[in-house]
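Analysis of the macromolecular model
The lines below spell out each chain.
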Amino acid sequence: MAETHVLFVEDDDVIREATQLALERDGFTVTAMPDGLSGLEAFRADRPDIALLDVMLPGMDGVSLCRRIRDESTVPVIMLSARADSIDVVLGLEAGADDYVTKPFDGAVLVARIRAVLRRFGHAGGPAPGDPGHDRGPTGGVLVFGDLEVDTDGMEVRRDGAPVGLTPTEMRLLLEFSSAPGTVLSRDKLLERVWDYGWGGDTRVVDVHVQRLRTKIGQDRIETVRGFGYKLKG
């Protein structure tokens, strides 16, 4: 099986070199770039399997780079932020990132998060039977919720007959809601099922992705149940 190709964009020389070595020891192929513009060029030239982007980059910041990548591809993106409470985290998620990791990070944690994202996106062989994420959600067919159609076999979504473009993470989120319309799903449960978190995570990841999904399938289609989570209106 071919090695997973990681694009890593980080302006700190020490962090960039140390992280590249750590990822390569874990079997990844890494292209490391020091700024946003060179990162975008490398993305277009190499078409990596996943991108790790520092938020604060010279030339083109990580949020802008994420938007440019998302305009061209659904490749998974993980943002790296030095401050867990920074607005940059939310901006990165709103720009289309699938997850984020706070610096300084433990190399094993970063690798675990990368592998979790890749499993969700079907890389590295995808989840095996019995793993989190396998055989979850609707069993197949076209599910209809008002003007929304979810084809769980073809992995396509239509609204009023028009195709709706979703990222893989947004699609997995919608499949979770579609599997139990009218049932409230907590943020922690969604983190476990969609983001493959076997540990506690930042629920802002869920909130931002729900909002992004709402903009595509209709603001009223997913209802917030205060203090509990979200549910899809049947």
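Residues numbered from 1 in each chain as written. Predicted model: local features only at pLDDT ≥ 70, side-chain atom pairs only at ≥ 80, totals over all residues. Heavy atoms only, no water.

Once that is clear, we can look at the overall build of the chain. Along the chain, the regular secondary structure elements total eight helices and 11 strands. The buried share of the chain, reckoned over its 234 residues, is 47%. When contacts within the chain are restricted to residue pairs at least 6 apart in sequence, long-range pairs at least 24 apart make up 59% of them. Surface summary for the chain: the accessible area is close to 10,700 Å², and the carbon and sulfur share equals 49%. (Helix = DSSP H or I, 4+ residues; strand = E, 2+ residues; numbered from the N terminus. Buried < 20%, exposed > 50% of the residue type's maximum accessible area, 1.4 Å probe, protein only. Contact = heavy atoms within 4.5 Å. Areas by Shrake-Rupley, 256 points an atom, 1.4 Å probe, with all protein chains shown as cover.)

Once that is clear, we can look at the sheet that holds strand S4 (residues 77-81). The strand order S2-S1-S3-S4-S5 describes an open sheet built from five strands, whose pairing is parallel. Of all strands in the sheet, those with a lone pairing partner are strand S2 (29-33) and strand S5 (99-102), marking the two edges. Each adjacent strand pair in this sheet contributes to an overall mean axis angle of 20°, direction not counted. Of the strand pairs in this sheet, strand S1 (residues 5-9) and strand S3 (residues 50-54) are connected by four bridges, and their pairing is parallel. By the bridge assignment, phenylalanine 8 is partnered in S3 with leucine 52. (Pairing = 2+ DSSP bridges. Axes fitted to C-alpha atoms, helices over the stretch in contact; angles between N-to-C directions.)

Here glutamate 72 is to be found in helix H3 (residues 62-72). A relative accessible area of 34% places glutamate 72 in the partly exposed class. Separated by 28 residues in the primary sequence, glutamate 72 and arginine 44 have C-alpha atoms spaced 9.0 Å apart. Discounting chain neighbours no more than four positions away, the residues touching glutamate 72 are Phe43, Arg44 and Arg47. A polar contact is formed between the side chain of glutamate 72 and the side chain of arginine 44, at a distance of 2.6 Å. (Polar contact = N/O pair within 3.5 Å; in protein donor to acceptor, adjacent residues only side chain to side chain.)

For a regular strand, side-chain orientation follows a simple rule: the groups alternate between the two sheet faces. The buried count for S1 comes to five of five residues, which makes it a mostly enclosed element. Burial along S1 is two-sided: His5, Leu7 and Val9 facing one way and Val6 and Phe8 facing the other are all buried. In the sheet, S1 pairs with S2 via five bridges, with the strands oriented parallel. Opposite phenylalanine 8, over in S2, you have alanine 32 as the bridge partner. With helix H1 (residues 13-25) bridging S1 and its parallel neighbour S2, the resulting β-α-β unit is right-handed. (Right-handed = clockwise from strand over helix to strand, strands pointing away.)

A word on the nonpolar core. Ranked by internal contacts, the top residues of the largest apolar core, which has 49 residues, are Leu53, Met79 and Phe177. Looking at this core element by element, the count peaks at six residues for helix H8 (residues 204-217). Apart from residues lying up to four places away in sequence, leucine 53 is in contact with Val9, Gly62, Leu65, Cys66, Ile69, Val77, Ile78, Met79 and Leu80. One finds Val30, Ile78, Val117 and Leu118 within the second-largest nonpolar core, a separate group that totals 16 residues. (Core = buried A, V, L, I, M, F, W, Y, C linked by side-chain atoms within 4.5 Å.)

Each packed pair of helices is defined by two parameters, the angle between the axes and the distance between the axes. Where helix H6 (residues 168-179) meets helix H7 (residues 187-194), the axes come as close as 10 Å, and the angle between the chain directions of the two elements is 125°. One way to sum up the angle between H6 and H7 is to call them oblique. Crossing of H6 over H7 shows right-handed handedness. On H7, the residues touching Thr169, Arg172, Leu173, Glu176 and Phe177 of H6 are Leu190, Arg193 and Val194. (Parallel < 35°, antiparallel > 145°, perpendicular 65-115°, else oblique. Left-handed = near helix turned anticlockwise from the far one by under 90°.)

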